[in-house]
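Each chain is listed here by its residues.
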Amino acid sequence: MQRVPAKVDFVALEEEILQLWESENFFAKLKQQVTGKPMFRFIDGPVTANNPMGVHHAWGRALKDCFIRYNVMNGKDCNFQNGFDCQGLWVEVEVEKQLGFQGKPDIEAHGLDKFSHACRDRVNTFAGVITDQSKRLGQWMDWEDSYYTHDDRNIRGIWHFLKVCSDNGWIYSKALPMPWCARCGTSLSEHEMAGSYKEMTHLSIYGQVPLLSDRSRRLLIWTTTPWTLSANVAAAVHPDLDYIEVKADDWDHTLILCEGAKKVLAGTGAAIVARFKGSDLVGERYETFHPEFKMQTGVEHRVVPWDVVDAAEGSGIVHIAPGCGKEDYELGKEIGLEPIVPIDENGMFFEGFGVLSGKGAADVPDEVAAILEASGKLFKAVDYDHKYPVCWRCKDPLVFRLVGEWFISCDEIRPRMKVAAADVQWKPAFMGARMQDWLDNMGDWCISRKRYWGLPLPFYVCADEDCGHLTVIGSMDQLRERALDPEKVDALPELHRPWIDDVDIHCEKCNKPVTRVAEVGDCWLDAGIVPYSTTGFFDDPEKFERSYPIEWVCEMREQVRLWFYSMLFMGTTLSDRSPYERVLAYERGVGEDGTMFSKTGYMIRFDEAADKIGADAMRWLYCRQPVTSDVRFGYAAGELAQRKLAGLWNIYSFVVTYALIDEPDCAAPLNMDALTVTDKWMLARSAELIEKTTAGYQDYDSPSVVREIESFLDDISNWYVRVNRRRFWKNEDAANQAAAYGVLYRAIKTLCLVLAPVAPFLTDSVWQNLVRSMEPDAALSVHHHAWPTAPAEWKNADLLVRTETVRSTLSLALNLREKASLRVRQPLRKMFVVGGEDCRVALAEQAELVKSELNVKELEIVDGTADFMRASLGLDFAVAGRALRKDVGKVKALLGGLDDDVQATIAAVQATGADVQLPGWDTPLPANIFSRKEVAGEGVEVSAADGITVALDTELDDALRQEGLVRDLVRKIQVLRKASALDVSDRIRLSLVTEESDLVAGITQYESLISQEVLAIDLARETLADSLACEDWEIMGRKVQVALSRQG
RNA sequence: AGGCCUGUAGCUCAGCUGGUUAGAGCGCGCGCCUGAUAAGCGCGAGGUCGGGCGUUCAAGUCGCCCCAGGCCUACCA
């Protein structure tokens, strides 16, 4: 066993343990140990291998590792496979930035093969970084066996899924105005839109367009997206709403708008000239905003009815551009409006849009306003604050664009998914409701992306006009079978663009050659197949049997609509059930003050935090945090966690310090007869710790585990070690000392075991040095040891309660000392305690302890408080409420009004258990509805709580004062020893020189005690000649000169 | 617009099926203890338990309404 420093450097300790784990192959040995055991069927959600971790990413990883460790200690095997999410827009965007690209044309020019390689490289780089960081966090995973969503196995799995969807008739393509990112050149799916609406300011335009039937009448139309006016084909009104026509003196026209929107006329002085229903406008033709644009020629612009129109904002007349909005498109389809698509995939106006052609949609609002101004069609243009969607990856504002995309129809599977999701145990439970809500609202899944680095959709649409058949490839065999050139299939380096694009197949229906569609897949397809692709569903039935369904997944809340959703979708499709049984979802990681972390703004990097406070402290913070609220991460909180951990270190370092001197056999069987009361209590408390933490882990409730441990640490440190300190040194009673070592050792070992999943480094460090020294046959690591069960002979619930009583008694008595300004080193003559039977038993049992803790000579447990207390009655509301019902208030008032003598009289009656005749109340009242209150008499220090009353005799005599002085003296000498850099076992020569008579008397009387306490072999009354230290002190006003020197 | 979560001391959070005077940690002030000694303990100040109404003998806890923050969903033009 090594000596350990009093103060611990967690970061250095963790680095050391990491090296040990590495060099001794602890993880490999653990895997060996659990092979063949029943599985903890965990699966890791793929983390995006695109950037280094921030501290907020480490929360989930800490929780996962914690519960895996717990389960493994419980004799389970586990699929220790970490996963990386590797495909999709997020990787492409970062690689584009890296290469300085502006958009898709740059990628095309660069070459798809080189681009794919660059994406793969980036993924590998950051998978490596994240792996290193995860190791530093203490995660034990099979890092060599991580899965990557871009690998062919995963892609083939998704092909299989898509083929099943196709066989079910769910796959279709259609043109729809989709949320579109002009920078990324692709549309986004519904689940990518969640949370993407941000508050921003845009120029909104109120346009006024003339009716063709009478150009002096104009429609007032509002939009927040001026660029879409170029694609206007209709104006919608609500047929049942009231519309008004207004005129101002300085206008040469009238203006038509919904009455409910007339506040926009403020300041114009316009007056109503006509009033009619919206239906009266339907069918009117008008001149559009930009009639001069070529793309607008031949379009007939009409007023159309639409019952979703309201007047809450704008004018109550809605601009309709079916090429620029989903709802517009659907309306247009219903009533036969042809969409105009004004912008290309980069958000630039096509030819045919006059001066706007070639310009970016986002750049033209002012110009549009100017054009309308010039043509007299601008009513006003004002800045407007609203929520507008942005691209979740690159944060550019989105546009809506009519494009052809691929979808999976959800109508058939929705009810099945709802049933499957209802079988899942969601924690917190409201996540289940959220999933149901999402499923109710989900539209068809848009699975295509017009990008490059992603799952190649195995869709082949026959170009033959008469055929047009969609062939979906579900496996490599099918691809080889249908390929024009099967050799090309075998020569594919990987299932990615551009290579896969080279493989043409024969149409399933007409056998003509067909080329793959250009699109790649939504990255949530990649993640969703993981419960199948990594568990052997496609290639290892035996493994699948063991690993499926997934028992537990743990991810951030937003995965409800992402990973949890896509897994549920695929599981329901392939197995008609949820692929996972139990979910733990947690909130976000935020800064200490609640500030959100973001890549561009405020951020604590993982590496920085690990270097500063260490992984154990980080994990402690994460595990302590309820999953239902954001975890606040910061260094003040981190320091706090470190202090809790230091609590364990202090106890550990204490026992090591003395064990090195005494060389006890801590692990020897306990001699139950030699155990003191506090020993038995410590064991009972340890047993309780095991039971409570086990329940917490079992319920995936790490915060309750950490709270239990905090309370245990406090108990072991501030009770057990505090009161038993002296048993560890200079203890002549070998059996007694052995008991102390044995018990403290067991408490520490137990604590290490139950804390190991949360703080794997510190606990293993203690294990290596202390436990393995004491028990050479112990497991190599705390993480290899079985989860503890509470030994029956440790349990003692009654003793736990009695000790609580004793501790409350001490607390009361110390409170009295505080009030009387009597320091604890000053001995007192006597204390009285009054309490119930339980209290009497408890104090009698632990009387010596109480006396020494309180430094009183005598403890008297008395029957009544008559000597120093007076009783009065209150009500026990729990009982009285039921007995008296509405009369409770009256009785309470009566009681409050009694004078002291009467109170004492009825209290005496109540104490006997007889019915109480309360003055002013007709009927006798049962004793049990009352509660007793004790009031101090005169001239006594009395304190009471929880049915215990403590009284202290605070009078001092000369003998007590002298003893107090001596104890102060001893204490100060001990400090001087320490300051003089003496070791705890060094012997000294001591001199005490004083003229003060009571101090002289004290020193004389307690000479041997002083020498014993401070390890002095000689106590001189004259100053030492060659002292190591010599100081003049004043103790309670008495002067004394103290000197000491090291002996030998 | 609808739904969900949260709201308890200056800060971070406990508070079980309603029960006497609502707790802990941090921070602050004052003491104390210590052969774990740059730790530890006690006491004190600090609360309209977000607000209101209701149910009840009794509400931080149950119900309804409102407010604030966060999140989710939605035909957010």
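None of these values were measured; they are calculated from a predicted model.

**Side note on the overall build of chain A**
Link 1 in the chain: Looking only at helices and strands, chain A has 34 helices and 39 strands in total.
Link 2 in the chain: Its C-alpha atoms give chain A a radius of gyration of 40 Å, clearly above 31 Å, the size a compact globule of 1048 residues would have.
Link 3 in the chain: Relative to its 1048 residues, chain A shows a buried fraction of 56%.
Link 4 in the chain: Of the contacts made within chain A by residues no fewer than 6 positions apart, 76% connect residues no fewer than 24 positions apart.
Link 5 in the chain: Looking at chain A as shown, the accessible area adds up to about 44300 Å², and 48% of this sits on carbon and sulfur atoms.
Link 6 in the chain: Side-chain charges in chain A split into 117 positive and 160 negative, and the spacing between the mean points of these groups amounts to 2 Å.

**Let's talk about the pattern of salt bridges**
Link 1 in the chain: The tally for this structure, following the rule as stated, stands at 67 salt bridges.
Link 2 in the chain: In this structure, Lys450 and Glu405 form a salt bridge, with 3.9 Å as the shortest nitrogen-oxygen distance. Separated by 45 residues along the polypeptide, Lys450 in the loop between β20 (448–449) and β21 (459–461) and Glu405 in strand β17 (residues 399–408) bring together distant segments of the chain.
Link 3 in the chain: The exposure class assigned to Lys450 is buried, which follows from its relative accessible area of 19%.
Link 4 in the chain: Note that Lys749 is salt-bridged to Glu775, the shortest N-O span being 2.9 Å. You can see Lys749 sitting in helix α24 (residues 734–755) and its partner Glu775 sitting in the loop between α25 (760–774) and α26 (797–820), a full 26 residues away along the chain.
Link 5 in the chain: Each of Arg685, Glu688, Lys692, Asp715 and Arg807 takes part in salt bridges that share partners, so that together they form one network.

**Quick notes on the environment of Ala12**
Link 1 in the chain: Looking at the secondary structure, you find Ala12 in helix α1 (residues 10–23).
Link 2 in the chain: For the pair Ala12 and Gly614, spaced 602 residues apart in the sequence, the C-alpha separation amounts to 8.6 Å.

**Observations concerning unusual backbone geometry**
Link 1 in the chain: Residue Pro428 follows Lys427 across a cis peptide bond; omega there is -5 degrees.
Link 2 in the chain: Structurally, Pro428 can be placed in the loop between β18 (425–427) and α12 (430–441).
Link 3 in the chain: Here the amide bond leading from Tyr548 into Pro549 is cis, since omega sits at 0 degrees, within 30 degrees of zero.
Link 4 in the chain: Within the secondary structure, Pro549 is located in the loop between α17 (541–547) and β26 (553–556).

**Quick notes on the protein's contact with RNA strand B**
Link 1 in the chain: The full set close to RNA strand B counts 61 residues, and Ala6, Tyr197, Val318, Arg825 and Val984 are the nearest of them.
Link 2 in the chain: When the atoms of RNA strand B within 4 Å of the protein are grouped by moiety, sugar and phosphate amount to 61% of the total.
Link 3 in the chain: Taking Arg825, its side chain carries an N or O atom lying 2.5 Å from a phosphate oxygen of RNA strand B.
Link 4 in the chain: Of all the secondary-structure elements, those providing two or more residues to the surface near RNA strand B are β15 (317–320), β16 (378–389), α12, α21 (635–662), α23 (702–724), α29 (877–884) and α32 (958–979).
Link 5 in the chain: Take the surface near RNA strand B: its biggest share by element is six residues, from α23.

**Observations concerning the sheet that holds β17**
Link 1 in the chain: Spatially, the four strands line up as an open sheet ordered β7-β6-β17-β19, and their pairing is antiparallel. Looking at strand neighbours, the two that pair on one side only are β7 (186–187) and β19 (445–446), the edges of this open sheet.
Link 2 in the chain: By the bridge criterion, ten bridges tie strand β6 (residues 171–181) to β17 in an arrangement that is antiparallel. For Leu176, the partnering residue across the bridge sits in β17 and is Val403.
Link 3 in the chain: Packed on one face of the sheet, helix α9 (residues 326–335) meets β6 and β17 and runs near 135 degrees to β6.

**Re the sheet that holds strand β38 (residues 1029–1035)**
Link 1 in the chain: With mixed pairing, the four strands of this open sheet are ordered in space as β37-β36-β39-β38. Pairing within the sheet leaves two strands with one partner each, and these edge strands are β37 (1016–1020) and β38. This sheet shows a mean twist of 20 degrees between the axes of neighbouring strands, independent of strand direction.
Link 2 in the chain: As paired elements, β38 and strand β39 (residues 1038–1046) share seven bridges and run antiparallel to each other.

**Notes on α24**
Link 1 in the chain: In a regular helix each residue adds 1.5 Å, so 22 residues correspond to 32 Å; α24 covers 31 Å between its end C-alpha atoms and thus fits that length.
Link 2 in the chain: α24 sits mainly inside the fold: 19 of its 22 residues count as buried.

**So, the side chain of Ser1011**
Link 1 in the chain: The topology assignment puts Ser1011 in helix α34 (residues 1007–1013).
Link 2 in the chain: Since its relative accessible area comes to 16%, Ser1011 is described here as buried.
Link 3 in the chain: Discounting residues that sit within four places of it in the chain, Ser1011 has contacts with Ala1016 and Leu1019.

**A closer look at the packing of aromatic side chains**
Link 1 in the chain: All told, the structure shown has 46 aromatic pairs when counted by the stated rule.
Link 2 in the chain: When the ring of Phe293 is compared with that of Phe353, the centres are 6.1 Å apart and the planes differ by 80 degrees; the resulting orientation is edge-to-face. Of the two residues, Phe293 sits in the loop between β13 (271–277) and β14 (302–305) while Phe353 sits in the loop between α9 and α10 (365–374), which places them 60 residues apart along the sequence. Phe353 shares its class with Phe293; the two are buried.
Link 3 in the chain: Judged by relative accessible area, Phe353 falls into the buried class, the value being 0%.
Link 4 in the chain: Grouping aromatic residues by their ring pairs yields a cluster made of Phe40, Phe42, Phe67, Tyr70, Trp552, Tyr697, Tyr700 and Trp787.
Link 5 in the chain: The residue whose ring lies beneath Arg69 is Trp140, and the NZ or CZ to ring-centre distance is 4.5 Å.
Link 6 in the chain: Positioned above the aromatic ring of Tyr206, the side-chain terminus of Lys380 is 5.3 Å from the ring centre.

**Quick notes on the confidence of the model for chain A**
Link 1 in the chain: In this model, chain A carries a mean pLDDT of 89, and residues with pLDDT of at least 70 account for 98%.
Link 2 in the chain: Listed scores for the predicted complex are pTM 0.88 and ipTM 0.90.

**A word on the environment of Ala321**
Link 1 in the chain: Counting through the fold element by element, Ala321 comes out in the loop between β15 and α9.
Link 2 in the chain: A sequence separation of 163 residues divides Ala321 from Leu484, and the C-alpha atoms of the two residues are 43 Å apart.
Link 3 in the chain: Beyond its immediate stretch of four places on either side in the chain, Ala321 contacts Thr228, Ala231, Asn232 and Asp328.

**Here's the deal with the side chain of Glu853**
Link 1 in the chain: With respect to the helices, strands and loops of the structure, Glu853 is situated in helix α28 (residues 847–854).
Link 2 in the chain: Residue class for Glu853 comes out buried when judged on its relative accessible area of 14%.
Link 3 in the chain: Leaving out residues up to four positions away in the same chain, Glu853 has contacts with Arg722, Val723, Leu810 and Val824.

Conventions adopted
Residues numbered from 1 in each chain as written. Chains lettered and ligands numbered in written order. Predicted model: local features only at pLDDT ≥ 70, side-chain atom pairs only at ≥ 80, totals over all residues. Heavy atoms only, no water. Helix = DSSP H or I, 4+ residues; strand = E, 2+ residues; numbered from the N terminus. Rg over C-alpha atoms; globule rule 2.2 N^0.38 Å. Buried < 20%, exposed > 50% of the residue type's maximum accessible area, 1.4 Å probe, protein only. Contact = heavy atoms within 4.5 Å. Areas by Shrake-Rupley, 256 points an atom, 1.4 Å probe, with all protein chains shown as cover. Lys, Arg positive; Asp, Glu negative; His and termini not counted. Charge placed at Lys NZ, Arg CZ, Asp CG, Glu CD. Salt bridge = Lys/Arg side-chain N within 4 Å of Asp/Glu carboxyl O. Near = heavy atom within 4 Å. Polar contact = N/O pair within 3.5 Å; in protein donor to acceptor, adjacent residues only side chain to side chain. Pairing = 2+ DSSP bridges. Axes fitted to C-alpha atoms, helices over the stretch in contact; angles between N-to-C directions. Expected span 1.5 Å × (residues − 1). Phe/Tyr/Trp six-rings, centres within 6.5 Å; stacked < 30°, edge-to-face > 60°. Lys NZ or Arg CZ within 6 Å of the ring centre and 35° of its normal. pLDDT = per-residue confidence, 0-100.

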